[in-house]
Amino acid sequence: MVTVVGASFGFVQNAGAQNLPSNPQLTFGLSSGVYWYDNFDLDVDTLGDSFRQRNIFSVNYLTETPTDTLGLSASTDLRYSDLAGRETSFEFEDPSAALSYDRVTANADLGVNLRFDRIEVSQSEGFDLDDAGLPGQDLVRDQGNRDILNLVVNGEFGKQDPFGGFFSGRYTDRSFSDTTDPDLFDSETRFLQGGLRFRVSPAVEVNAFGSASLFEADDSTSSETERYTLGVGADLRVRSDTTVNLSLANVDITETDTIGTTEIEEEENDFEVAAGWQRDVTNGTLSLNYTRSVAIEGARDALTFGRNLTLPSGSFGLTLGASNTAGDEIFAVGAVDYIRTLQDSELLFRLSQDVRTTDDSDEVLTTNLDLGYSRNLNQVSSFRANVRVSEVTDTGVDTQDDRTFASLVLRYTRELTADWGLTLGYEARSDREDDEDRATSNSVFLTLDRVWRVSP
């Protein structure tokens, strides 16, 4: 998706709030841009060129004290669309609203984040990536709207005391209206977890934790997945430069599918194990980790070795290991991270591969490649390039489609005045599912952005 500078404003986190003014601040934003696409829907057979003119209005309210941060934001898009295969439209679309509250004290933390987003399905840019960067739902094949409501609450107490604990919760509601594609189904996710910690000595800390989650989907089988976890753990400092982390938890999973009036229920009960060793060495750390995780398909084991290095002008991280699947296949897993920072530029490289279970209980092998380069050309202009390749492969246990998605984004930004900015960009995308032909798309965009800041 093309990123529009000034289209939204994130909340400032509480860290360092004591150095910021406590009076409330209002920020108004306008991003006006033109966009051209040769294959907006990212279909194998393109329907022709498409054009959009977007005017994104946003407002952000922020107030801070040394311990509290409160933020409110909202945005909408006044959009003219002349998309291939669709009727021309000119109307307000894609409203969003968010609330954020953070309280940080010496001994306790509390955070609450609430966000609502609506997009018109037929106006989405052809492809979704989920929170893990995996290819998600293909939205452009239908009409109607997709609404996402997300609530996250987390907290910690007793940070400085021998006895303390933490809690967190998440609720996500994803719903579709006026759509006909059965693959666009409503779903709800509820998750709660909490734990207690006791510091036995400066070198020994023990904890007990538990969690409960429920995933419900209004799909063809009305699938429902419940997961409960109860466990104990310990953090040990065996030497001044060496730590060991251990945990053991019982996991109970129940998955229910309803076909007609018949309920089909699967259960899995097993133990999850995590053991980690880390040592501080010259310019970084060494680590060795073993995990045993449980999904409805069965248990999965992974063993990885890690090395992190702090370099004079950046950092380097390497994780190598292996993981099995529920079908007892073994895959290489790990990640390579490299960041090089110079006076006027930065280079980022990341390559990762992992076996994971999606929300709808599909086990997949994911491979992601990220390349990034940014450079300040002078005091008022900069250039940025980003490459992303994401591949999802079925491990053989489920019927997940194999899919490869790639994108290249080039962006030139220039500050015209203190509150006016201009961005010129190009984006190329490609998508291939299973053995189908590859779909490709090119787009060019130009935006003019302005931000007004007011202190009431």
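Residues numbered from 1 in each chain as written. Predicted model: local features only at pLDDT ≥ 70, side-chain atom pairs only at ≥ 80, totals over all residues. Heavy atoms only, no water.

Participant: Could you clarify how one ought to interpret the overall build of the protein chain in this entry?
Facilitator: Each helix and strand in the protein chain was counted, giving zero helices and 22 strands. Counting over 456 residues, the protein chain shows a buried share of 38%. In the protein chain, the proportion of contacts linking residues at least 24 apart, taken out of those at least 6 apart, comes to 51%. When the accessible surface of the protein chain is summed, it comes to about 23,800 Å², and 56% of that surface belongs to carbon and sulfur atoms. (Helix = DSSP H or I, 4+ residues; strand = E, 2+ residues; numbered from the N terminus. Buried < 20%, exposed > 50% of the residue type's maximum accessible area, 1.4 Å probe, protein only. Contact = heavy atoms within 4.5 Å. Areas by Shrake-Rupley, 256 points an atom, 1.4 Å probe, with all protein chains shown as cover.)

Participant: Is there a simple way to explain the side chain of S345 in this structure?
Facilitator: Structurally, S345 can be placed in strand 17 (residues 345–357). Not counting the four nearest positions on each side in its chain, S345 is found in contact with R340, Y373, S374 and R375.

Participant: Where do I start with the packing of aromatic side chains in this structure?
Facilitator: Any aromatic ring pair is given by two values, namely how distant the centres are and how the planes are angled relative to each other. Using the criterion set out here, one finds three aromatic pairs in the structure. Between the aromatic rings of Y35 and F445, the centroid separation amounts to 6.1 Å while the plane-to-plane angle is 20°, which identifies the pairing as stacked. Placement of the pair is Y35 in strand 1 (residues 25–37) and F445 in strand 22 (residues 439–454), with a sequence separation of 410 residues. One Lys or Arg, R54, reaches over the ring of Y35 and ends 5.6 Å from the middle of that ring. (Phe/Tyr/Trp six-rings, centres within 6.5 Å; stacked < 30°, edge-to-face > 60°. Lys NZ or Arg CZ within 6 Å of the ring centre and 35° of its normal.)

Participant: Whenever I open this one, the environment of F57 confuses me. Can you help?
Facilitator: Position of F57 among the secondary structure elements: in strand 2 (residues 50–64). Apart from residues no more than four positions distant in its own chain, F57 is found in contact with G29, L30, A74, S75, T76, L78 and F92.

Participant: Where do I start with a nonpolar patch on the surface in this structure?
Facilitator: Taken together, the side chains of L110, F157, F163, F167, L196, F198, V200 and V206 define a hydrophobic patch exposed on the protein surface, amounting to about 670 Å² of accessible area. Elements that contribute at least two residues to the nonpolar patch include exactly strand 7 (163–177) and strand 8 (187–201). Secondary-structure assignment places F167 in strand 7. Residue classification places F167 among the partly exposed positions, given a relative accessible area of 36%. (Patch = residues over 30% accessible without salt bridge, like charges linked within 9 Å, V, L, I, M, F, W, Y side chains within 5 Å. Salt bridge = Lys/Arg side-chain N within 4 Å of Asp/Glu carboxyl O.)

Participant: How do you make sense of the pattern of salt bridges when you look at a structure like this?
Facilitator: Two side chains bearing opposite charge may form a pair once their charged atoms approach each other closely. Following the criterion strictly, the structure yields 20 salt bridges and no others. E205 is the partner of R199 in a salt bridge, and the nearest nitrogen-oxygen pair spans 3.6 Å. Salt bridges linked by common partners bring R54, D77, R79 and D94 together as one network.

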